[in-house]
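Structural features, examined
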Amino acid sequence: MGTKASSSRRGLNAGGASRCELGCSVMQQEVVAQAETVIPGLEPAAMGRTYFVEEAVGRYLSDLSVKFKPYVTGLLIGQCSPQRDYIIRAARTPPKEEQKEGNTSPSKLDSIDEEWFTAHASQISRMLPGGLLVLGVFIIATPELSKDCQNTLRKLIFSIEKSLTKRRLWKPADEDVSDRAALQICSATKKIVCRTYDVQDPKGSAKPADWKYQSALSASWLSLGCTVNVNIHIPLLATSPNHDLEKNTKNGLNRWSKQIEDSIFLINGQVKDNDIELLEGQKKLRGNTHSGTQIFDVKVLTQLSQGSSHRSTATVQVCSGSINLKGAVKCRAYVHNNKPKVKEAVLALKRDIINTLSDRCEILFEDLILNEGRCKKNFERVYHVLPQRLFVPFAGSNVMLSDYKFGDEAAGEIQERFVEMLDQFVQAEDIHIAEEVNTVGICSLSEKMDDTQLEQLTKATLLLKLQQNMGVVIAVAVAVFASIFSFNYFSD
């Protein structure tokens, strides 16, 4: 792919933020859930949500309250469920380059760069496996700034949701929790105020929420993993004037994501009813240790054609090229161990499958624009290897965070990215590459490579192939089969 810039192309700064030591003890904090004013004649609001929070998050927030004045902002990472919500990580907003160089921080909340904050949330969302999401935001501020905190938190929550929604290829489910946490901490008194905002209701008011610390919160969460073979063909219409490769790729992935959402998932070789508990029929494991972690092997069965109630017709399109996505992707999801339902686990894994392929394509196009400019229009056949997925553990949990690397990226670049994005130092030996790569011809592949060679290369490598001058392409192969079947049927 030519000379590539350092890994900071996917960071917010040219360099990583300084490491934040997390070794301080948890300070005694007063947790306050402020109730809304009840208007006479109206029923009081329903009980707010309860957030169970990993104790290490409390230590981290306490450390930030000492180190950064007059305020510091950041993101809360965790998992929603119908019964309760979990927060297992917090990450402060990385400082801008000029702030690091001048060793200064803004003094007023209205100086918060909303675009910068939202970009951080987008970057972190790529690093989360299935089941985890950006669950809220926090501000730790001096008493002088406290009165403006809630308005700022509300603005940031809705800004993040708007940004992340644009990137999603999967459809929200009816059971999805739309409340997001707004955490305010006074750096002087250590008092905590936690509220929630419903991101589906922009005009709604804040609701009180409980904030409860718990040790080893995610130490025995359940893990689901699968390998999905991808072979996506995306025609480039001749009528498309400029071949917006990124837009066409996203459109193709949109169609593919619907296939994944309609797929059947075999959990440990069995089809399970959505409404039963995931652990039903499983032997109970004692203790909250990593050795007791239950891992479910999942197979994904995609439907080759639509049901009999849908009519399909072949579509003939005049195309000047195509995009092919081919290879195998490693997917992983985590769910809490408080009697999770099968549908919670399957939904988390489905979204990870869709997200991981979409995220890799985004990263590739960002890299091409940064290092080579936009793809040349007069290409004949070009191959690009999409970044590999990797997983990194963090202390006290069996949940592993995720990231992506190109073949020539060193471990040091990945370490810098984790420090900048998640404020977490990662040992090089803790970086687990999930997918092997054949090192032959990664950056530039010969145009004369035959199908056998290509198949060998793509067994464990995800490729994006751009091919031009294809002429007329029949876009829906399955639809052709449906047409032939119908013809034979009516002939009889």
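These notes cover the structure that comes with them. (Residues numbered from 1 in each chain as written. Predicted model: local features only at pLDDT ≥ 70, side-chain atom pairs only at ≥ 80, totals over all residues. Heavy atoms only, no water.)

With that out of the way, let us pick up the overall build of the chain. When you go through the chain residue by residue, the secondary structure sums to nine helices and 18 strands. Residues counted as buried form 49% of the 492 residues belonging to the chain. (Helix = DSSP H or I, 4+ residues; strand = E, 2+ residues; numbered from the N terminus. Buried < 20%, exposed > 50% of the residue type's maximum accessible area, 1.4 Å probe, protein only.)

Further remarks concern the packing of aromatic side chains. Counted by the stated rule, this structure contains three aromatic pairs. When the centroid spacing of 6.5 Å and the interplanar angle of 35° are considered together, the rings of phenylalanine 52 and tyrosine 86 count as tilted. Separated by 34 residues along the polypeptide, phenylalanine 52 in strand β2 (residues 50-54) and tyrosine 86 in strand β4 (residues 85-92) bring together distant segments of the chain. What makes tyrosine 86 buried here is its relative accessible area of 4%. Seen from their ring centres, tryptophan 211 and tyrosine 213 are 6.3 Å apart, and the 90° between their planes marks the pair as edge-to-face. Exposure remark for tyrosine 213: the relative accessible area of 27% places this residue in the partly exposed category. By way of ring pairs, the aromatic residues Phe52, Tyr86 and Trp221 are connected into one cluster. Between the NZ or CZ atom of arginine 332 and the centre of the ring of phenylalanine 391, over which it lies, the distance is 4.0 Å. The residue whose ring lies beneath arginine 351 is tryptophan 170, and the NZ or CZ to ring-centre distance is 3.9 Å. (Phe/Tyr/Trp six-rings, centres within 6.5 Å; stacked < 30°, edge-to-face > 60°. Lys NZ or Arg CZ within 6 Å of the ring centre and 35° of its normal.)

As a further point, take the sheet that holds strand β15 (residues 388-393). The strand order across the open sheet formed by three strands is β16-β15-β17, and the pairing between neighbours is antiparallel. Strand pairing shows two members of the sheet lacking a second neighbour, β16 (400-405) and β17 (432-433), which therefore form its edges. Pairing geometry for β15 and β17, over two bridges, is antiparallel. Its bridge partner being in β17, phenylalanine 391 is matched across the sheet by histidine 432. Sheet strands touched by helix α7 (residues 411-422): β15 and β16. Its angle to β16, the strand with the most contacts, is close to 125°. (Pairing = 2+ DSSP bridges. Contact = heavy atoms within 4.5 Å. Axes fitted to C-alpha atoms, helices over the stretch in contact; angles between N-to-C directions.)

Further remarks concern the environment of aspartate 85. Of note, aspartate 85 is situated in strand β4. Through-space distance from the C-alpha of aspartate 85 to that of aspartate 179 is 9.9 Å; in sequence the pair is 94 residues apart. When residues no more than four places from it in sequence are discounted, the contact partners of aspartate 85 are Arg49, Thr50, Tyr51, Phe52, Gln79, Cys80 and Leu135.

A word on the pattern of salt bridges. Inspection of every chain in the model, using the stated rule, returns 15 salt bridges. A salt bridge links aspartate 176 to arginine 351, with the shortest nitrogen-to-oxygen separation between them at 2.8 Å. Of the two residues, aspartate 176 is situated in the loop between α4 (149-167) and β6 (179-186) and arginine 351 in helix α6 (residues 342-372); the sequence distance between them amounts to 175 residues. Its relative accessible area of 27% is what places aspartate 176 among the partly exposed residues. With a shortest N-O distance of 3.9 Å, aspartate 297 and lysine 299 are connected by a salt bridge. Of the residues examined, aspartate 297 reaches a relative accessible area of 41% and is grouped as partly exposed. The exposure class of lysine 299 is partly exposed, given its relative accessible area of 47%. Connected through salt bridges with shared partners, the residues Arg126, Arg167, Asp359, Glu362 and Glu366 form a single ionic network. (Salt bridge = Lys/Arg side-chain N within 4 Å of Asp/Glu carboxyl O.)

Turning our attention to the layout of surface pockets. If you add up the space inside the second largest pocket, you get close to 1100 Å³. Lining the second largest pocket are 49 residues, with Leu133, Trp170, Asp176, Arg180 and Arg351 positioned closest to its centre. Those elements that place two or more of their residues in the lining of the second largest pocket are β3 (71-80), α3 (114-126), β5 (133-141), α4 and α6. (1 Å grid on protein atoms, 1.4 Å probe; cavity = no way out; pocket = protein on both sides within 12 Å on 5 of 7 lines; lining within 4 Å. Points joined across faces, edges and corners; volume = space filled by probe spheres on them.)

Attention now moves to the environment of asparagine 355. Locating asparagine 355 in the fold gives a position in helix α6. Separated by 186 residues in the primary sequence, asparagine 355 and leucine 169 place their C-alpha atoms 7.5 Å from one another.

This part covers the packing of α3 against α4. Remark: α3 packs on α4, axes separated minimally by 9 Å, with the N-to-C direction vectors making an angle of 50°. Taken together, α3 and α4 sit at an angle that is classed as oblique. Between α3 and α4 lies a crossing whose hand is right-handed. Between α3 and α4, the contacting residues are Glu114, Phe117, Thr118, Ala121, Ser122, Ser125 and Arg126 on the first element and Lys155, Leu156, Ser159, Ile160, Ser163, Leu164 and Arg167 on the second. Of the residues assigned to the contact of α3 with α4, the class counts are five nonpolar, five polar and four charged. (Parallel < 35°, antiparallel > 145°, perpendicular 65-115°, else oblique. Left-handed = near helix turned anticlockwise from the far one by under 90°. Nonpolar A, V, L, I, M, F, W, Y, C, P; charged D, E, K, R; others polar.)

Along the chain, the position of arginine 180 falls in strand β6. The side chain of arginine 180 sits in the buried core without any salt bridge; glutamate 161 is the nearest counter-charge, 4.0 Å away. Ignoring any residue separated from it by four or fewer positions in sequence, one finds arginine 180 in contact with Tyr51, Cys80, Leu133, Val134, Leu135, Ile157, Glu161, Arg195, Thr196, Tyr197 and Val199. (Lys, Arg positive; Asp, Glu negative; His and termini not counted.)

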